[in-house]
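Here is what each chain is made of, one letter per residue.
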Amino acid sequence: MATLTIRDLDDAVFERLKLRAAENHRSPEDEVAQMLDERSRGSRSFVETFRAANRDMIARRGVLSDSTEIIRQIRDEG
């Protein structure tokens, strides 16, 4: 396997990386390896996938109305 060294990484970036790694039960090194693997394969992140699905829904059905007021009415009646 190859080794990659990243120099002068901003401390804030590394802290965010450590948090993300902990959430995924991985070491920071394994998290970076996973991220690079996904990115190099062209995988989309959850956010990118969600945005694409939202664009597709809008294209098919238009922009949906805001349901906040309807939810408030149902809550207040109950």
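Because the structure is predicted, anything quoted here is derived from the model rather than measured.

1. Quick word on the overall build of the protein chain
For step 1, the next point in the chain: Scanning the protein chain from N- to C-terminus turns up four helices and zero strands.
For step 2, the next point in the chain: When the helices and strands of the protein chain are listed from N to C terminus, the series reads α-α-α-α.
For step 3, the next point in the chain: At 20 Å, the protein chain has a C-alpha radius of gyration far larger than the 12 Å of a compact globule built from 78 residues.
For step 4, the next point in the chain: The buried share among the 78 residues of the protein chain stands at 5%.
For step 5, the next point in the chain: Carbon together with sulfur atoms contributes 53% to the accessible area of the protein chain, which is approximately 7,400 Å² in total.
For step 6, the next point in the chain: Placing the 14 positive and 16 negative side-chain charges of the protein chain at their respective mean positions leaves the two points 6 Å apart.

2. Side note on the environment of Phe 14
For step 1, the next point in the chain: In this structure, Phe 14 sits in helix H1 (residues 11–23).
For step 2, the next point in the chain: Separated by 14 residues in the primary sequence, Phe 14 and Pro 28 place their C-alpha atoms 8.4 Å from one another.
For step 3, the next point in the chain: Ignoring sequence-local partners within four residues, the contact set of Phe 14 consists of Leu 9 and Pro 28.

3. So, helix H3 (residues 46–61)
For step 1, the next point in the chain: For H3, with 16 residues, the first-to-last C-alpha span of 22 Å sits near the 22 Å given by 1.5 Å per residue.
For step 2, the next point in the chain: Gly 62 occupies a position one or two residues after H3 and carries a positive phi of about 85°.

Quick notes on the rules
Residues numbered from 1 in each chain as written. Predicted model: local features only at pLDDT ≥ 70, side-chain atom pairs only at ≥ 80, totals over all residues. Heavy atoms only, no water. Helix = DSSP H or I, 4+ residues; strand = E, 2+ residues; numbered from the N terminus. Rg over C-alpha atoms; globule rule 2.2 N^0.38 Å. Buried < 20%, exposed > 50% of the residue type's maximum accessible area, 1.4 Å probe, protein only. Areas by Shrake-Rupley, 256 points an atom, 1.4 Å probe, with all protein chains shown as cover. Lys, Arg positive; Asp, Glu negative; His and termini not counted. Charge placed at Lys NZ, Arg CZ, Asp CG, Glu CD. Contact = heavy atoms within 4.5 Å. Expected span 1.5 Å × (residues − 1).

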